[in-house]
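The chain contents come next:
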Amino acid sequence: MSRVILQVMIRGRVQGVGYRAWVEFQAAACGLEGWVRNRRDGSVEALFAGAPTHVADMVALCRHGPPLSRVDSVTSETASVDELNLRRAREAFSVLPTV
């Protein structure tokens, strides 16, 4: 089974509307590994690792977000497996502190 790791940046009205919790729920439902965190500039950053189709589906979901959000842009780039080390121990998907 192939695996892809993408680092995704989401910009718009995405903080304070439950976006991180929504990402965590959606990623777990898709069986993905990774993390999500707020950034001080108001964006949300996430890392998704898993089957290519599941990761692509998750990125597509991020373009819409939860009902109260407004997503202006979603950009992604390939990431290394080392980025997964930011997760909390024994968690497949983590919500990380703001950076």
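In this text the structure is predicted, and so the values were computed from the model without any measurement. (Residues numbered from 1 in each chain as written. Predicted model: local features only at pLDDT ≥ 70, side-chain atom pairs only at ≥ 80, totals over all residues. Heavy atoms only, no water.)

**A closer look at the nonpolar core**
This is how it is decided: We call a set of buried residues a nonpolar core when its members are Ala, Val, Leu, Ile, Met, Phe, Trp, Tyr or Cys and they connect through side-chain atoms within 4.5 Å of each other. Residue exposure (1.4 Å probe, protein chains only): buried if accessible area is under 20% of the type maximum, exposed if over 50%, otherwise partly exposed. Under the scheme used here, helices are H or I runs from DSSP no shorter than 4 residues and strands are E runs no shorter than 2 residues, and both carry numbers assigned from the N terminus. Between two residues, a contact is recorded if the distance between any of their heavy atoms is within 4.5 Å.
With 21 residues, the main nonpolar core has Val8, Ile10, Tyr19, Val23, Phe48, Met58 and Cys62 as its most contacted residues. At the level of secondary structure, the elements contributing two or more residues to this core comprise strand E1 (4–13), helix H1 (19–29), strand E3 (44–50), helix H2 (52–62) and strand E4 (70–78). Beyond its immediate stretch of four places on either side in the chain, tyrosine 19 contacts Ile10, Val14, Val44, Cys62, Gly65, Pro66, Ser69 and Val71. Of all hydrophobic cores here, the second largest spans 7 residues; its members include Leu47, Ala79, Leu84 and Leu96.

**Here's the deal with H2**
Our working rule: To be clear, the arc concerns the directions from the helix axis to the C-beta atoms.
All of the buried residues along H2 are Val55, Met58, Val59 and Cys62. For H2, the angular spread of the buried residues around the axis is 100°, confining them to a single face.

**As for the sheet that holds E3**
Basically, it comes down to this: Paired strands, in this sense, are two strands between which DSSP finds at least two bridges. Geometry is summarised by axes, namely lines fitted to C-alpha atoms with helices restricted to the contacting stretch, and by angles between N-to-C directions that run from 0 to 180 degrees.
Taken together, the 5 strands give an open sheet; going across it, the order is E4-E1-E3-E2-E5, and neighbouring strands pair in mixed fashion. The open sheet has two free edges, formed respectively by E4 and strand E5 (93–95), since each of these has just one partner strand. Neighbour-to-neighbour, the strand axes of this sheet turn through a mean angle of 15°, independent of strand direction. Of the pairings in the sheet, the one linking E1 to E4 comprises 8 bridges and is antiparallel in character. From the neighbouring strand, leucine 6 faces E4, where its bridge partner is threonine 78. Of the strands in this sheet, E1, strand E2 (33–38), E3, E4 and E5 are in contact with H1, which crosses E5 at around 175°. Relative to E3, H2 is tilted by about 160°, and along the sheet it contacts E1, E3 and E4.

**Structural notes on the pairing of E3**
A large share of E3 lies buried, amounting to 7 of its 7 residues. Side chains of E3 alternate between two faces, with Val44, Ala46, Phe48 and Gly50 and Glu45, Leu47 and Ala49 buried alike. The hairpin turn running from E2 into E3, its antiparallel successor, is 5 residues long, and glycine 42 in that turn takes a positive phi close to 95°.

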